[in-house]
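Residues per chain are reported as follows:
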Amino acid sequence: MVEPRLSRGLRDLLPDTMLARQRMIDTIRGVYELYGFSPLDTPAIEYLDVLSGSAGEDAQQQIFQVTNPEGEALGLRFDLTVPLSRVVSQYPDMVFPFRRYQVSSVWRADKPEPGRYRQFTQFDLDSVGAESDVADTEILAAMCDTLDALKVGPYIVRFSSRRILNLVLDYAGIAHDGGPAVFRILDKLDKIGLDKVKLELTTGYRDESGAPIAGLGLSSDQVEKIERFLGIKGASRGEVLKQLRALFANVENAQEEIDVIERISSHLESLGYGSDRVAVDLTIARGLAYYTGPVFEANLLDAPQFGSVFAGGRYDDLVKRFTGRSIPATGASIGVDRLLAALIELGRIEQPKTTSQVLVTAMDGGLMSEYLAITYELRRAGIRTEIHVGAPKRLGKQIQRADRLDIPYVVIMGSDEAQRGVVTVKEMIVGREKAADVGSHEEWKAGRFGQQEIARTDLVKTLRQLLGQ
RNA sequence: GCUGGCGUAGCUCAGUCGGUUAGAGCGCCUGAUUGUGGAUCAGGAGGUCGCAGGUUCGAUUCCCGCCGCCAGUACCA
């Protein structure tokens, strides 16, 4: 015997989760297609060097490695952006800008944590070959439209730019190769607070468990400048940018970089995406090394514990690895599983247990072909119907299935009804509402709650009415 | 990866200061009801006490290792 089990960080998605998830994915796809993006799929497995070129050694440890029968080193993709950059490099005849969406599983050999799995699904939207800030504007707007379509409740999309962060390095007099380490700390601002960020930038500290956190050893003058930058806050995007212009008045190239953000902001403004839901937030950095320009991040205000559920940015150099030429690109990615978990937690998505709308019970073995006929009559009328296919069972057991799976209607026909040319339609919700008021089981059975007897010929019509179709 | 805690039925947990047959609640199955979900009642199934080794006459209990889970921390392209 083999113990049925899954390797850590992997999980099954049972029907109730899948039905909610498919609904969510359909909604997202609808928005992406409204924007005129087209689908792409790529293999789960890629050559290891194709995947890992953009990553350091640390990152490579996070790749699940695979070998093919020919003994070549392969790996499971860890995101959808790297395969996309391979695709656009491999098909030079493609029509650019290439605007694609992709919803697929990715794998990371991380330590699993609540809400974090080793296999998870991303839903990406990217424009490759799109240099203009219109492309970035579209991505930000699509993020808003998607979150609206999903009815997630209040949310905030925040954006900044990698280039602005590089300006901070200049402003504070920090070498650019020290950037990633600084950005990684700034990215934690929300989580650990300003005081600890300052300590990490300077001397480091010991956390509650006594573990040492290394510091970067920046000077107090440098930290003060970073703090001044992080302190920029405003009620609107315009106000934030105004303060930023003042702070960087003497930093070379700063005004041009701020112009880029300003243009995106004013496009958004004229389209009705106001500062209440799309903010310029200079503290977002994104851990990713490959971003080169604007970066985006969206959070749900009612479920902040889920972190960013939708994020992305501009990555103009990723394709260069394959072609030697830069192709400008920008996009964003939804953490499907994380967003779904948030929607379920917030009760903003239904989790049906089945697709069935009607259960046709089988009471009399001699009428089986009649039950099948009824079932197909309903199916051909577009009503999602299942028929009792298990071992012969008492009617109560069959109805119990409808109760447990939330199948709203049950069709009952015994030999008596068959002879008279009628069927009984039972509306399950009625009994559920009466259950608390009924004492004895005799009374419960005799109640025949929610049942009506109708002519067999009226079955489709009646169910259509009940279902509101 | 590091530090600490915890692994007993499908779930939540009790218990064994090392000793005959390891329990409860919930859930599940069957019946009371060969044509009706809920409630109630009666009965039933389900455990190599995480895995392997050691100590012992005897280990689910004590010791060691491994695996898994949880919390914190690091990392997260």
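Heads up: the structure comes first, above all this text.
Since this is a predicted model, take the numbers as computed values, not measurements.

Chemist: Quick question: what am I supposed to make of the overall build of chain A here?
Modeler: In terms of helices and strands, chain A carries 20 helices and 18 strands. A globule of 469 residues ought to have a C-alpha radius of gyration of about 23 Å, yet chain A, at 29 Å, is considerably larger. Projected onto the principal axes, the alpha-carbon positions of chain A cover approximately 95 × 55 × 50 Å. Counting across all 469 residues of chain A, residues that qualify as buried make up 46%. Across chain A, the fraction of contacts at a sequence separation of at least 24, relative to all contacts at a separation of at least 6, is 68%. Approximately 23,800 Å² of chain A is accessible, and the part contributed by carbon and sulfur atoms is 50%. Separation between the mean location of the 57 positive side-chain charges and that of the 66 negative ones in chain A comes to 4 Å.

Chemist: What is the right way to read the pairing of strand S13 (residues 329-335) from this model?
Modeler: Sheet faces and side chains relate simply in a regular strand, where the side chains alternate between the two faces. Within S13, six of the seven residues are buried, leaving the element largely enclosed by the surrounding structure. Examined bridge by bridge, strand S6 (residues 119-128) and S13 share seven bridges and lie antiparallel to one another. Bridge pairing in S13 places Val128 opposite Ala329. The sheet contact formed by strand S12 (residues 308-314) and S13 spans five bridges and is antiparallel. Its bridge partner being in S13, Phe310 is matched across the sheet by Ile334.

Chemist: Where do I start with helix H9 (residues 194-201) in this structure?
Modeler: Turn by turn, an α-helix covers 3.6 residues, leaving residues three or four places apart pointing in a common direction. Among all positions of H9, only Val197, Glu200 and Leu201 are buried. The buried side chains of H9 occupy one side of the element, clustering within an arc of 100 degrees when seen end-on.

Chemist: Help me understand the sheet that holds strand S16 (residues 409-412) in this model?
Modeler: Within a beta sheet, neighbouring strands are joined by backbone hydrogen bonds and run either parallel or antiparallel to one another. Taken together, five strands build an open sheet; the order of strands is S15-S14-S16-S17-S18 and the sheet is mixed. With one partner strand each, in any of the chains shown, strand S15 (385-387) and strand S18 (451-455) form the two edges of the open sheet. On average, each strand axis in the sheet is tilted by 25 degrees relative to the strand beside it, whichever way the strands run. Direction of pairing for S16 relative to strand S17 (residues 422-427): antiparallel, over a ladder of four bridges. Along S17, the bridge assignment pairs Tyr409 with Glu427. Here helix H16 (residues 395-404) sits on the sheet and contacts strand S14 (358-360), S15, S16 and S17; the angle it forms with S16, its principal contact strand, is near 160 degrees.

The rules behind each value
Residues numbered from 1 in each chain as written. Chains lettered and ligands numbered in written order. Predicted model: local features only at pLDDT ≥ 70, side-chain atom pairs only at ≥ 80, totals over all residues. Heavy atoms only, no water. Helix = DSSP H or I, 4+ residues; strand = E, 2+ residues; numbered from the N terminus. Rg over C-alpha atoms; globule rule 2.2 N^0.38 Å. Buried < 20%, exposed > 50% of the residue type's maximum accessible area, 1.4 Å probe, protein only. Contact = heavy atoms within 4.5 Å. Areas by Shrake-Rupley, 256 points an atom, 1.4 Å probe, with all protein chains shown as cover. Lys, Arg positive; Asp, Glu negative; His and termini not counted. Charge placed at Lys NZ, Arg CZ, Asp CG, Glu CD. Pairing = 2+ DSSP bridges. Arc of directions from axis to C-beta. Axes fitted to C-alpha atoms, helices over the stretch in contact; angles between N-to-C directions.

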